[in-house]
Amino acid sequence: MTELTQDASELTIKEFQEGIHEGKIEGYRCTNCGHQQIDIMEFCPVCHSAKLEKVEFSHFGSVVTYTIQLVAPEQFMNEVPYAWAIIQLDDGPKITGWIPFISRPEDLPIGQRVVFKKSYLPGIVFEKGKTGD
Ligand SMILES: [Zn+2]
């Protein structure tokens, strides 16, 4: 690991991660067609407009799909088992995050309401939320 190879895209990921640690899910919205995504974009992939704005997305969403991880990379070692999930944000795009303490499919039905949790942990952490939140 070296600082010397850092390029602009890595800095952007760093910015995004800093936002996450501050409790914000930031991304981009095309003001022309409304397309939204987390990843930085220069042009909208849908309508090719360059009219993009930085936005902060909802902290609430629903589980679209997930896999349960029983064996984890080093930085998640204390968190297993957990679900590595695709979450549809209420007012935003689908994003990939993880939900601690999920060991069986019964623990996390598809469509489960989840809420983004500000955390010092790497990645985007969600926890099960109350219905209607
Ligand atoms: Zn667009």
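Residues numbered from 1 in each chain as written. Predicted model: local features only at pLDDT ≥ 70, side-chain atom pairs only at ≥ 80, totals over all residues.

What about the overall build of the protein chain?
Just so we agree on the cut-off: Only DSSP runs of H or I reaching four residues or more are called helices, and only runs of E reaching two or more are called strands; each is numbered from the N terminus.
When helices and strands are counted, the protein chain shows 1 helix and 8 strands. Ordering the α and β elements of the protein chain from the N terminus gives α-β-β-β-β-β-β-β-β.

Re the sheet that holds strand E4 (residues 60-69)
For clarity, the threshold we go by: If DSSP finds at least two bridges between two strands, the strands pair. In this description, a line fitted to the C-alpha atoms serves as the axis of each element, helices being fitted only across the stretch in contact, and the angle between N-to-C directions of two axes falls anywhere from 0 to 180 degrees.
The antiparallel open sheet is built from 5 strands, whose spatial order is E6-E5-E4-E7-E8. With one partner strand each, in any of the chains shown, strand E6 (94-100) and strand E8 (126-128) form the two edges of the open sheet. Between one strand axis and the next, the sheet turns by 45 degrees as a mean value, whatever way the strands run. Examined bridge by bridge, E4 and strand E5 (residues 82-89) share 8 bridges and lie antiparallel to one another. The residue of E5 that forms the bridge with Val-63 is Ile-87.

A few points about the sheet that holds strand E2 (residues 36-37)
Reading across from one edge, E2-E1-E3 is the order of the 3 strands in this open sheet, with antiparallel pairing throughout. Each of the sheet's edge strands pairs with one partner strand only, and the pair in question is E2 and strand E3 (52-56). Bridge analysis of strand E1 (residues 26-30) against E3 gives 5 bridges, and the strand direction is antiparallel. Counterpart to Gly-27 in the pairing with E3 is Val-55.

Re the pairing of E5
Pairing of E5 with E6 involves 7 bridges; the strand directions are antiparallel. In the sheet register, Gln-88 faces E6, and the bridge partner there is Lys-94. Taken together, E5 and the strand that follows it, E6, pair antiparallel across an intervening segment of 4 residues.

What about the nonpolar core?
The criterion, for reference: Core membership is restricted to buried Ala, Val, Leu, Ile, Met, Phe, Trp, Tyr and Cys residues, and these are joined into a nonpolar core through C-beta atoms within 7 Å. Here a residue counts as buried when 20 or more other C-beta atoms sit within 10 Å of its C-beta, as exposed when there are 12 or fewer, and as partly exposed otherwise, the C-beta atoms being derived from the backbone. Residues are treated as contacting if the C-beta atoms built from their backbones sit within 7 Å of each other.
Counting 18 residues, the largest nonpolar core has Val-63, Ala-83, Ala-85, Ile-87, Ile-99 and Leu-108 as its most contacted members. Listed by contribution, the elements that provide at least two residues to this core are E4, E5, E6 and strand E7 (113-116). Not counting the four nearest positions on each side in its chain, Ile-87 is found in contact with Gly-61, Ser-62, Val-63, Val-64, Lys-94, Ile-95, Gly-97, Val-114 and Phe-126.

Some points on unusual backbone geometry
Of note, the bond from Val-80 into Pro-81 is cis; its omega dihedral lies within 30 degrees of zero at -5 degrees. Examined against the element boundaries, Pro-81 turns out to sit in the loop between E4 and E5. Of note in this structure, His-48 is not a glycine but carries a positive phi near 65 degrees. Phi is positive for Phe-101, which is not a glycine, with a value near 65 degrees. Along the polypeptide, Phe-101 turns up in the loop between E6 and E7.

As for the environment of Ile-86
Its place among the elements puts Ile-86 in strand E5. Separated by 19 residues in sequence, Ile-86 and Thr-67 place their C-alpha atoms 9.2 Å apart. Ile-86 has contacts with Val-64, Thr-65, Tyr-66, Lys-94 and Thr-96, leaving out every residue within four places of it along the chain.

Quick look at the environment of Asp-39
Among the structural elements, Asp-39 can be located in the loop between E2 and E3. The class of Asp-39 is partly exposed, set by 13 C-beta atoms lying within 10 Å. Sequence separation between Asp-39 and Thr-12 is 27 residues, and the spatial gap between their C-alpha atoms is 8.9 Å.

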